[in-house]
Structure formats: C-alpha cells, structure tokens
Amino acid sequence: MFDGIQYFKNLANCNLLAVKHGFHVGECSSLEAIEPIMDEYQTKSNFILVDDTIDASVVTNGSGWFNRRVFTVAILARHRWNDTKDRNDKLNLCREIFRQFLTRLVLDKENFKYNTDLCYMRTEILRYREMNTYSMDGATGVVFMLPVDEPTDLIFRTDEWKQ
C-alpha cells in the first residue's frame, strides 16, 4: 500500500529549494486544521503539510476495481501583512516548489512503475489551488491533491454470506 504521507515528507525533506527556505514538514488533519498548526510554530515561516485524513472512493476502469485515495499537500509560506510584493514573492516560491514536486512525481512514477506502489499514482491530472488572497493568517501557497488507485479484491465469496 502506498504510504503517501511518508512519501511527501521524504519529498519535502529532499527538495533543495524547500530546505534552503526552511520549510517545516508535518501533518495536519484536514485543511481546516492548517491555521492552528501554523500558529503553534510562530518561529517558523514556511510549511509543507500533508493531510492525514484521506478522501477515498472505489472505482473501476472496466477491467478491475481500485481504491482511489486522494492525498492532499499544502505548501505554505508566511508573508508580511498587507505587503503585496512579499505575498507575491512567497506565492511564487510555493509555485516553484510545487512545480519541482510535480517533476519528481512524474519521474518517480516512470522510474518505479513496475516494482513499487508508486505505479498507482495518478499523475495524468493533478488538481491544485493557489491561496493567492489573504485567506489565511498572513500566509499564501499552493494546495494540491494526488489520487492513488490501488487494486482491490471485490470477488464475491458465498462463504461470507447467509443464504
């Protein structure tokens, strides 16, 4: 089973730009919990947070069934309040880290598609949202979602049911 939380933590800790700018890597339980987490770390300005609550569904591609789990990652940077230039600079930093993450996702999927759970990453379409307004307490950034489709066994077994 693909461990998305650990994968993204490793990705963040290996990204030179994120390390250079002191991004704190952690987990949060839903996007609503991001702001309180950032408040706990008043000494830190930049964050890469992986949501540990996973949205999921069961889907079919016509030949099999899959558990589709969607991992959400927030790349956030604090900016000076009411400073549009600083906000734009920080948003551009987050955009660049996001772009670099995408290049690594695509590379990892291609390089390991035959021998690890990375082959189940759905990199064809990645949804993301920019936080380019003053929606959080002096922070801006990019939030993106990565779907992962893992095969599941939905074979009906009569011994699991009363007749």
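Residues numbered from 1 in each chain as written. Predicted model: local features only at pLDDT ≥ 70, side-chain atom pairs only at ≥ 80, totals over all residues. Heavy atoms only, no water.

A. Summary view of the overall build of the chain. A tally of helices and strands in the chain yields 4 helices and 6 strands. Counting helices and strands in the order they occur from the N terminus, the chain gives α-α-β-α-β-β-β-α-β-β. Buried residues in the chain amount to 42% of all 163 residues. For the chain, contacts bridging at least 24 residues in sequence account for 64% of all contacts bridging at least 6. Total accessible area computed for the chain in this model is approximately 9600 Å², and 51% of it derives from carbon and sulfur atoms. (Helix = DSSP H or I, 4+ residues; strand = E, 2+ residues; numbered from the N terminus. Buried < 20%, exposed > 50% of the residue type's maximum accessible area, 1.4 Å probe, protein only. Contact = heavy atoms within 4.5 Å. Areas by Shrake-Rupley, 256 points an atom, 1.4 Å probe, with all protein chains shown as cover.)

B. Quick peek at helix H4 (residues 84–111). Over its 28 residues, H4 extends 40 Å from the first C-alpha to the last, a length consistent with the 40 Å expected when each residue adds 1.5 Å. Buried within H4 we find Asp86, Arg87, Leu91, Leu93, Cys94, Ile97, Phe98, Phe101, Leu105, Asp108 and Lys109. In this structure Asp83 caps H4, since a side-chain oxygen of it lies 3.3 Å from the backbone nitrogen of Lys85. (Expected span 1.5 Å × (residues − 1). Polar contact = N/O pair within 3.5 Å; in protein donor to acceptor, adjacent residues only side chain to side chain.)

C. Structural context of unusual backbone geometry. Even without being glycine, Asn82 reaches a positive phi, approximately 60°. Among the structural elements, Asn82 can be located in the loop between strand S4 (65–78) and H4.

D. Local environment of the pairing of strand S3 (residues 55–60). As paired elements, S3 and S4 share 6 bridges and run antiparallel to each other. Bridging from a neighbouring strand, Ser57 pairs with Arg68 of S4. Hairpin connection between S3 and S4: a loop of 4 residues separates the two successive antiparallel strands, and Gly62 in this loop has a positive phi of roughly 100°. (Pairing = 2+ DSSP bridges.)

E. Representation of the confidence of the model for the chain in the model. This prediction gives the chain a mean pLDDT of 86; 87% of its residues lie at or above 70. Considering each helix and strand of the chain separately, the mean pLDDT is smallest for helix H3 (residues 34–40), with a value of 60, and largest for helix H2 (residues 16–20), with 97. (pLDDT = per-residue confidence, 0-100.)

F. Highlighting the environment of His21. Take His21: it is sitting in the loop between H2 and strand S1 (23–28). In the structure, His21 is positioned 56 residues away from Ala77 in sequence and 9.5 Å away in space, judged by C-alpha atoms. Residues in contact with His21, not counting those within four places in the same chain, are Asn46 and Leu93.

G. Up close: the pattern of salt bridges. Under the criterion given, the structure shown has 13 salt bridges. Where Arg95 meets Glu130, a salt bridge forms, and the shortest distance between an N and an O atom there is 2.8 Å. In this pair, Arg95 sits in helix H4 while Glu130 sits in strand S5 (residues 127–136), placing the two residues 35 residues apart along the sequence. By relative accessible area, which is 32% here, Arg95 ends up partly exposed. Through salt bridges with shared partners, one network takes in Arg68, Lys109, Arg122, Glu124 and Asp149. (Salt bridge = Lys/Arg side-chain N within 4 Å of Asp/Glu carboxyl O.)

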